[in-house]
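# Inside the fold
Now for the letters of each chain:
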Amino acid sequence: MKKALAIGLLAALSAATARADSYPQRPITMVVPFAAGGPTDIVARIVAEPMSKALGQQVVIENVTGAGGTTGITRASQAAPDGYTIMMGHMGTHGAAPALFKGLKYDPATSFDPIGLAAGTPIVIVAKKAFPAPDLKSFVEAVKAGGTSINQAHAGVGSVSHSTGVLFDSQIGAKPTLVVYRGTGPALNDLMAGQVDFMTDQIVNVATQIAGGTIKAYAIATPERNPSLPDVPTTKEAGLPGYEVSAWNAVFAPKGLPEDVRKKLVAALDAALKDPNATKRIQELGGTVPKTGEAGPAALQKLVESEVARWTPVLRNAVEANQ
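Residues numbered from 1 in each chain as written. Predicted model: local features only at pLDDT ≥ 70, side-chain atom pairs only at ≥ 80, totals over all residues. Heavy atoms only, no water.

## Brief notes about the overall build of the protein
Looking only at helices and strands, the protein has 12 helices and 9 strands in total. For the protein, the C-alpha radius of gyration of 21 Å lies close to 20 Å, the compact-globule estimate for 323 residues. C-alpha atoms of the protein, sized along the principal axes, occupy 80 × 40 × 30 Å. For the protein, the residues scored as buried account for 53% of the 323 residues in total. For the protein, the proportion of contacts with a sequence separation of at least 24, taken over those separated by at least 6, is 79%. Total accessible area on the protein is roughly 13,800 Å²; 55% of this is exposed by carbon and sulfur atoms. Here the protein contributes 29 positively and 26 negatively charged side chains, and the mean placements of these two sets differ by 5 Å. (Helix = DSSP H or I, 4+ residues; strand = E, 2+ residues; numbered from the N terminus. Rg over C-alpha atoms; globule rule 2.2 N^0.38 Å. Buried < 20%, exposed > 50% of the residue type's maximum accessible area, 1.4 Å probe, protein only. Contact = heavy atoms within 4.5 Å. Areas by Shrake-Rupley, 256 points an atom, 1.4 Å probe, with all protein chains shown as cover. Lys, Arg positive; Asp, Glu negative; His and termini not counted. Charge placed at Lys NZ, Arg CZ, Asp CG, Glu CD.)

So this is what it looks like as structure tokens:
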């Protein structure tokens, strides 16, 4: 009996070692729960390239849209926990969603194995180029006075653009018409075309358009100005000090990932965040690269738990106030 047990333990250990040595043996799918071209997709593609190099297998982006990102995250959470399906979540899917979706089929804090934070993304209040207000105070007055004649774009209920937009509307006491898109990319396209009036969006998605003058930026919702948009005032400078909010993007895997596989994914993401080209691209778009101690699984787990606790009362109150 003892001999058989010993043989069984040795076989299990050998199998685990073989798995650690052989993973990954085929391409890895990274589910992005929004349309191509949006901020989450941009960050995913930036880190996927150096992660592929570190892993020795291609990390392939799969865009799965719908329900403010929760469709893609739900699908990815139900995949086999073998390291071949991972996902790029964010503040909306893993912070705001529980407050906005009844019957959510995953728990942000317990349904995943966190891999690590990928990027921080400040929020910018932007409008179509032709919007007449010259500054944030005038813009707020126009949005309040315009009521439902003002169109506000967002990437779906529970998305970052929706959550931060609802918070903005609640704080200024406005009730614009909300125009829903299947991703921030399509929403931004219509904003540039003048089909909608404004939105609140992550800096990585709008920095290039702001710099190019195709959309108008009124303020960035951070305590300090961003180096990529030095001429855009903070919300405090512009007269709305209570509106300070930043988003984030992070890599998760389905719950139950083998620890050796998880370590390889964590190491690959860490390598990506140290890659000079990836770092430069994130920073050029106005994003922030996580510092040591902020990017790993433990730090991400704490972030998710704190974000759910933060956004649940804020969003429920804001939604009720705007109904």
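## A short note on the environment of Thr-110
By secondary structure assignment, the location of Thr-110 is in the loop between helix H4 (91–100) and strand S4 (112–128). Accessibility expressed as a relative area gives 49% for Thr-110, which makes it partly exposed. Residues Thr-110 and Ser-149, 39 residues apart in the sequence, show an inter-C-alpha distance of 41 Å.

## Some remarks on the packing of aromatic side chains
For the structure shown, the criterion picks out 9 aromatic pairs. A centroid spacing of 5.5 Å and a plane angle of 75° characterise the contact between Phe-168 and Tyr-243, whose relative ring orientation is edge-to-face. Placement of the pair is Phe-168 in helix H6 (residues 160–172) and Tyr-243 in the loop between helix H9 (235–238) and strand S9 (246–254), with a sequence separation of 75 residues. Feature note: the residues Phe-131, Phe-139, Phe-168, Phe-198, Tyr-218 and Tyr-243 constitute an aromatic cluster, connected by ring pairs. (Phe/Tyr/Trp six-rings, centres within 6.5 Å; stacked < 30°, edge-to-face > 60°.)

## Regarding the pairing of strand S2 (residues 59–63)
Note that strand S1 (residues 28–32) and S2 share 5 bridges and pair parallel. Residue pairing in the sheet places Ile-28 in a bridge with Val-59 of S2. For the crossover that starts at S1, traverses helix H2 (residues 39–55) and ends in the parallel S2, the hand is right-handed. (Pairing = 2+ DSSP bridges. Right-handed = clockwise from strand over helix to strand, strands pointing away.)

## What to know about helix H11 (residues 276–284)
Where H11 is concerned, the buried positions are Ala-278, Thr-279 and Ile-282. The arc that holds the buried residues of H11, viewed along the axis, is 100°, so those residues lie on one side. Away from its buried face by more than 90 degrees, H11 exposes Pro-276 and Asn-277. If you follow the buried residues of H11, they end up packed against H2, S4 and helix H10 (259–274). The N-cap of H11, judged by a side-chain oxygen 3.1 Å from the amide nitrogen of Asn-277 a few residues on, is Asp-275. Note on H11: the residue one or two positions beyond its end, Gly-286, has a positive phi of about 95°. (Arc of directions from axis to C-beta. Polar contact = N/O pair within 3.5 Å; in protein donor to acceptor, adjacent residues only side chain to side chain.)

## Some remarks on H10
Taking 1.5 Å per residue as the helical rise, H10 with its 16 residues ought to reach 22 Å, and the 22 Å between its terminal C-alpha atoms agrees with that figure. When we look at burial in H10, the residues that qualify are Asp-260, Val-261, Arg-262, Leu-265, Ala-268, Leu-269, Ala-272 and Leu-273. (Expected span 1.5 Å × (residues − 1).)

## Considerations on the environment of Ala-309
Positionally, Ala-309 belongs in helix H12 (residues 297–321). Accessibility expressed as a relative area gives 54% for Ala-309, which makes it exposed. For the pair Ala-309 and Val-126, spaced 183 residues apart in sequence, the C-alpha to C-alpha distance is 28 Å.

## Structural notes on unusual backbone geometry
Cis rather than trans, the peptide bond between Tyr-23 and Pro-24 has omega equal to -5°. Look at Ala-67: it is not a glycine, yet its phi comes out positive at around 50°. Checked against the element boundaries, Ala-67 lands in the loop between S2 and helix H3 (70–77). Among the residues examined, Ala-67 registers a relative accessible area of 40% and is labelled partly exposed.

## Quick notes on the domain arrangement of the protein
In terms of domains, the protein is made up of domain 1 (28–121 + 247–319) and domain 2 (122–245). Centre-to-centre, using C-alpha coordinates, domain 1 lies 24 Å away from domain 2. Contacts between domain 1 and domain 2 engage 34 residues on the former and 30 residues on the latter. Both sides together, the interface formed by domain 1 and domain 2 hides about 2,200 Å², and carbon and sulfur atoms give 66% of it. Counting the surface domain 1 buries against domain 2, the share from its top three residues, Pro-39, Thr-121 and Leu-285, is 24%. (Domains from an automatic or database assignment. Buried area = accessible area lost by both parts, 1.4 Å probe.)

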